[in-house]
Amino acid sequence: MKLEKIFEAKEGNLFTLSGEAVEKESVRAVNLSWKAVEPNEEGSYNEELLATLRLSLKANEEEKKFVYIAPIVDKDITGEKYEQFTAAMKHSARRLKDCISIVGFAIPKEIAEDEEKATFYIEELSAKHAQYVFFAQGKNEIAGVNIVRL
């Protein structure tokens, strides 16, 4: 099930597709810990956590409340570990795919600081979730993709 795009990023800000500015404060961050999503071995995910989060996000839809997922890097991300982190967030996005209340995902500073890693993260999450808008500290654009500046 593909969701339609509702929002877009322009010049570091969030807009509806009809061009109306959206106050960033009206879209709340939902923190998602990497360690909570992938508590043990690589590729083994906490499906119960993701199912509970999905139910919570579906409740937001009824109230027309919007959020973005703010991943927390709370495990070692050195070297190629960013690929494991990205896989965990991509898996999370798949489990939350029918949640209209999700505007998009934040790009953690550990990823956003490196254009190659940020590009990989954006491409992986966008592959099946083209409706997502990305958020990052102090950035308007990463690798040609408009970003909502936090």
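Calculation criteria
- Residues numbered from 1 in each chain as written.
- Predicted model: local features only at pLDDT ≥ 70, side-chain atom pairs only at ≥ 80, totals over all residues.
- Heavy atoms only, no water.
- Pairing = 2+ DSSP bridges.
- Helix = DSSP H or I, 4+ residues; strand = E, 2+ residues; numbered from the N terminus.
- Axes fitted to C-alpha atoms, helices over the stretch in contact; angles between N-to-C directions.
- Parallel < 35°, antiparallel > 145°, perpendicular 65-115°, else oblique.
- Left-handed = near helix turned anticlockwise from the far one by under 90°.
- Contact = heavy atoms within 4.5 Å.
- Nonpolar A, V, L, I, M, F, W, Y, C, P; charged D, E, K, R; others polar.
- Buried < 20%, exposed > 50% of the residue type's maximum accessible area, 1.4 Å probe, protein only.
- Polar contact = N/O pair within 3.5 Å; in protein donor to acceptor, adjacent residues only side chain to side chain.
- Salt bridge = Lys/Arg side-chain N within 4 Å of Asp/Glu carboxyl O.

### A few points about the sheet that holds strand β2 (residues 13–16)
Thinking step 1. Taking strand neighbours across the sheet as the criterion, the three strands line up as β1-β2-β3 in an open arrangement whose pairing is antiparallel. Edge positions in the sheet fall to β1 (7–10) and β3 (21–22), since each of these pairs with one other strand and no more.
Thinking step 2. Relative to β2, β1 is paired through four bridges, and the arrangement is antiparallel. Residue pairing across strands places K10 opposite N13, the latter belonging to β2.

### Thoughts on the packing of helix α2 (residues 47–62) against helix α3 (residues 81–95)
Thinking step 1. Where α2 meets α3, the closest approach of the two axes is 10 Å, and the angle between their N-to-C directions is 45°. In terms of orientation, α2 lies oblique with respect to α3. In this structure, the crossing between α2 and α3 has a hand that is right-handed. In this structure, α2 uses E47, L50 and R54 to contact α3, whose residues at the interface are H91, S92 and R95.
Thinking step 2. The residue makeup of the contact of α2 with α3, split by class, is one nonpolar, two polar and three charged.

### Structural notes on the sheet that holds strand β5 (residues 66–72)
Thinking step 1. The strand order across the open sheet built from six strands is β4-β5-β6-β7-β9-β8, with neighbouring strands paired in mixed fashion. Bordering the open sheet on either side are β4 (27–33) and β8 (141–142), each of which pairs with just one other strand.
Thinking step 2. The pairing of strand β7 (residues 133–136) with strand β9 (residues 145–149) spans three bridges and is parallel. The residue of β9 that forms the bridge with A136 is R149.
Thinking step 3. Strands β4, β5 and β6 (102–106) of the sheet are contacted by α3, whose axis makes an angle of about 155° with β5.

### What about the environment of A9?
Thinking step 1. For A9, the location among the structural elements is in strand β1.
Thinking step 2. Residue A9 is classed as buried on the basis of its relative accessible area of 8%.
Thinking step 3. Not counting residues within four places of it along the chain, the set of residues in contact with A9 comprises V133, N146, I147 and V148.

### Description of the environment of K24
Thinking step 1. Relative to the assigned elements, K24 resides in the loop between β3 and β4.
Thinking step 2. Along the backbone, K24 and L14 are ten residues apart, and their C-alpha atoms lie at a distance of 6.7 Å.
Thinking step 3. Apart from the residues lying within four places of it in its own chain, the contact partners of K24 are G12, N13, V148 and R149.
Thinking step 4. A distance of 3.5 Å separates polar atoms of two side chains, one belonging to K24 and the other to N13.

### Here we look at the pattern of salt bridges
When charged atoms on two side chains of opposite charge get close, those side chains can pair.
Thinking step 1. Scanning all chains against the criterion turns up nine salt bridges.
Thinking step 2. Close ionic contact of K58 with E61 constitutes a salt bridge, the shortest N to O distance being 3.2 Å. On the criterion of helical spacing, the pair formed by K58 and E61 is a turn pair, its members being three residues apart in helix α2.
Thinking step 3. K58 sits in the partly exposed class, given a relative accessible area of 23%.

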